[in-house]
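Here is what each chain is made of, one letter per residue.
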Amino acid sequence: MRSSRLPRSLVALAAAVALAVGVGVAPASAHPPRPGHGDKVPVATGYGGAVATVDADATRVGIDVLRQGGNAVDAAVAAAATLGVTEPFSSGIGGGGFFVYYDAASGQVHTIDGRETAPMAMTSDAFVEDGVPIPFADAVTSGLSVGVPGTPRTWATALEQWGSLDLRRALRGATEVARRGFVVDQTFADQTTANAARFAAFRSSSDLFLRRGAAPEVGSVFRNRDLAKTYDLLARRGVDALYTGRLAEEIVRTVQDPPVRRHSPLVVRPGLLELGDLASYEAPLRAPTTVSYRGLDVYGMAPPSSGGSTVGEALNILEASLPEDADPTQTLHHYLEASALAFADRNRYVGDPAFVDVPLEQLLSDGFAKERACLIDPEAALPKPVAPGVPDGVYDAECPIASTGTEGSDGQSTTHLTTADRWGNVVSYTLTIESLGGNGIVVPGRGFLLNNELTDFNFTDTQGGVDPNLPGPGKRPRSSMAPTIILEDGRPFLALGSPGGSTIITTVLQVLVNRLELEMELPDAVAAARASQRNTVAVQAEPAFDRAALQALGHTFTDTPEIGAVTGIEFQDDGSLLAVAEPVRRGGGSAAVVHGR
Ligand code: GLU
């Protein structure tokens, strides 16, 4: 467990002194980032607010908002909108996400569920043809997989509830980047190349993203004037302009009749989205999940995301089973086992709470965690997959062993950003269009890709007749997104999150284990090699993950090049902020503070 922190009074004093003497009034970096990804700094320490994203432009726009007096919510929306320009294959107004907010004035944590919803015409067998699930890749690039976008409504709701800027001002920086352009880096070029074949199938997508059929050159300037115009429209008319009216009609047309080129070899199934689905979309506020872990309060995203419940359950299992003086091998062994057990329960019990009775309170109870924890053998890895437990409130700590389970996806899309302001407000926000490049279809003339989020539903029953995550009319597919905020004595200690499909959960969990149990500094906790056990026979691990001691306990491994892309902010004992992004993964991220140290 990490060493204790300074008393709060000293923290407050240090912060006050720092402000009074003007510590670090120089900008965070001697060279303010130019457009492009070349000026990324993955770690920044200082005062007055902080932003961490995967991208230098998005971080700069967020910091500008903070410097001009905006708060963490304003900065989060401004940075997210910029990511829609510079990271268009991971996020944007065609997608959805989950927004977690700590409000310093009230000490409360709030969340917005901006998850995409299925059309009302979608039934549980929507992804089945002639009794057989359609190929996953076909579902990805289709109209069928498009849910009603939740991101525009999330931004509007966040600003209305807690922001100080209106949407027009919050979109200004992003619109500028879209109009003036940004410098293409290797990551952008690689992600375009990965999508080139399917973008080529749609005139709207190839016109925007391809240059003679290929990715734009690294170092060239990429402009998206169509998106600038779409942002202008939202700035003038509010996000209703996307949910009703002409833009809504164009989205529906694109989904129902995808603009696929005549001679394309791709089979592109049309979707079911109708105008009424868009017009009735809501991004509700939801109570966060919360667990207490070693004296800290960990807040996360409730269903339809499984992020908060699975991270929370795994932490409870760890707390119940991991001795505080455990060595690194035992710590990682318990991390892998707790994760597998929590994933078994996630797969069995978590879905859209409007459709499924999710036993959330029991899943996050200490009694259930103890019952699950007693399965863990310090000497040997459990045979995987493990069976789900029974969160029924009756816990006798008996340990039944059986097996069913599914392997989740571990996509390369999605993005996480973290912001904090001088008043102590904090945002942890994960947003996505699901696959890298979403469904591959740009709404013609509008500059943004549509999501394929409905592929997060299970296409057929994986749970013996009780699958909580089958499609349904107006249903939200289960997510793994896990934007997290941790409080200590009611004040922020750490906020973080990651992309990576179902590896989001294990990534957040592993960074917490690294930070809290293995006592790494946050930059090291983020940079450390990762392993992900999602109730499958083998653990997925990055090549650099040290596995020999765990293999001796019976864990088996498969290599995967890269897991997750974390950003986070830690609130340090001396009152300063430590903003952290990846040093290497996904080309490295960008962290900055308002007043550098
Ligand atoms: N659609 C995924 C989810 O909501 C995120 C996709 C990704 O991170 O690649 O869990």
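Each residue is numbered by its place in its chain's sequence as written, counting from 1. Selection of residues for local features in this predicted model requires a pLDDT of at least 70, selection of side-chain atom pairs for listing and counting requires 80 or more, and totals for whole chains, interfaces and linings are taken over all residues. Only hydrogens and water are removed before side-chain values are computed, so all heavy atoms of the structure are retained for them.

As annotated in an unreviewed UniProt entry, the chain carries the name Glutathione hydrolase proenzyme and is attributed to Cellulomonas xylanilytica. UniProt positions are given in the numbering used here, feature names are shortened, and annotations may be inferred rather than shown by experiment. Taken verbatim from the UniProt record of the chain, the Sequence similarities (unreviewed entry) comment is "Belongs to the gamma-glutamyltransferase family."

To continue, consider helix α18 (residues 503-517). Only DSSP runs of H or I with at least four residues qualify as helices, and only runs of E with at least two residues qualify as strands; both kinds are numbered from the N terminus onward. Here, expected helix span is obtained from the residue count minus one, scaled by 1.5 Å. Relative to the 21 Å expected for 15 residues at 1.5 Å per residue, α18 spans 20 Å between its end C-alpha atoms, a close match to the ideal helical length. Only protein chains enter the accessibility calculation, which uses a 1.4 Å probe; a residue whose area is less than 20% of its type maximum is buried, one above 50% is exposed, and one in between is partly exposed. The buried fraction of α18 amounts to 15 of the 15 residues, a majority that puts the element mostly inside the structure. Phi for Glu-519, located one or two positions after α18, is positive at around 55°.

Moving on to the nonpolar core. Note on terminology: a nonpolar core comprises buried Ala, Val, Leu, Ile, Met, Phe, Trp, Tyr and Cys residues joined through side-chain atoms within 4.5 Å. One finds Phe-99, Trp-155, Tyr-231, Ile-251 and Phe-448 to be the most contacted residues of the largest nonpolar core, which totals 80 residues. Here this core takes 11 residues from helix α3 (residues 72-86), the largest share from any one element. In this structure Phe-448 touches Ile-93, Gly-94, Leu-227, Thr-230, Leu-242, Leu-247, Ile-251, Ile-441, Val-442 and Val-443, once residues within four positions along its chain are discounted. Pairs of residues are marked as contacts when any of their non-hydrogen atoms sit within 4.5 Å.

Being near a molecule or strand, for a residue, means having at least one of its heavy atoms within 4 Å of it. Neighbouring the ligand are 15 residues; Thr-414, Glu-434, Glu-453, Asp-456 and Gly-501 lie closest to it. A 3.5 Å cut-off defines polar contacts: any pair of N or O atoms within that distance qualifies, except that in protein one atom must be a possible hydrogen donor and the other a possible acceptor, and neighbouring residues in sequence count only when both atoms are side-chain atoms. Between the ligand and Ser-480, the relevant distance is 2.7 Å, taken from an oxygen atom to a main-chain nitrogen or oxygen of the residue. For every accessible area listed, the method is Shrake-Rupley and the probe measures 1.4 Å; residues are considered covered only by the protein chains on display. Expressed as a share of its isolated accessible area of 300 Å², the protein-covered part of the ligand is 98%. Three classes are used, and their members are as follows: Ala, Val, Leu, Ile, Met, Phe, Trp, Tyr, Cys and Pro are nonpolar, Asp, Glu, Lys and Arg are charged, and the others, Gly among them, are polar. Counted by class, the shell around the ligand contains three nonpolar, eight polar and four charged residues.

Pairs were defined over the aromatic rings of Phe, Tyr and Trp, the Trp ring being its six-membered one, requiring ring centres within 6.5 Å. Orientation was assigned from the angle between planes: stacked under 30 degrees, edge-to-face over 60, tilted for the rest. Per the stated rule, a full pass over the model turns up 17 aromatic pairs. Here the aromatic rings of Phe-127 and Phe-459 are separated by 4.3 Å at their centres, their planes lie at 10°, and the arrangement is stacked. Note that Phe-127 is positioned in the loop between β3 (108-114) and β4 (128-129) and Phe-459 in the loop between β12 (426-432) and β13 (484-488), a separation of 332 residues in sequence. On the basis of relative accessible area, Phe-127 is assigned to the buried category, the value being 0%. Given the relative accessible area of 10%, Phe-459 is considered buried. Relative to Phe-188, the ring of Phe-182 has its centre 5.3 Å away and its plane inclined at 80°; by these criteria the two rings are edge-to-face. Classification of Phe-182 by relative accessible area gives buried; the value is 1%. The class for Phe-188 is buried, based on a relative accessible area of 2%. Ring-pair connections join several aromatic residues into one group, and the members of that group are Phe-89, Phe-182, Phe-188, Phe-199, Phe-209 and Phe-222.

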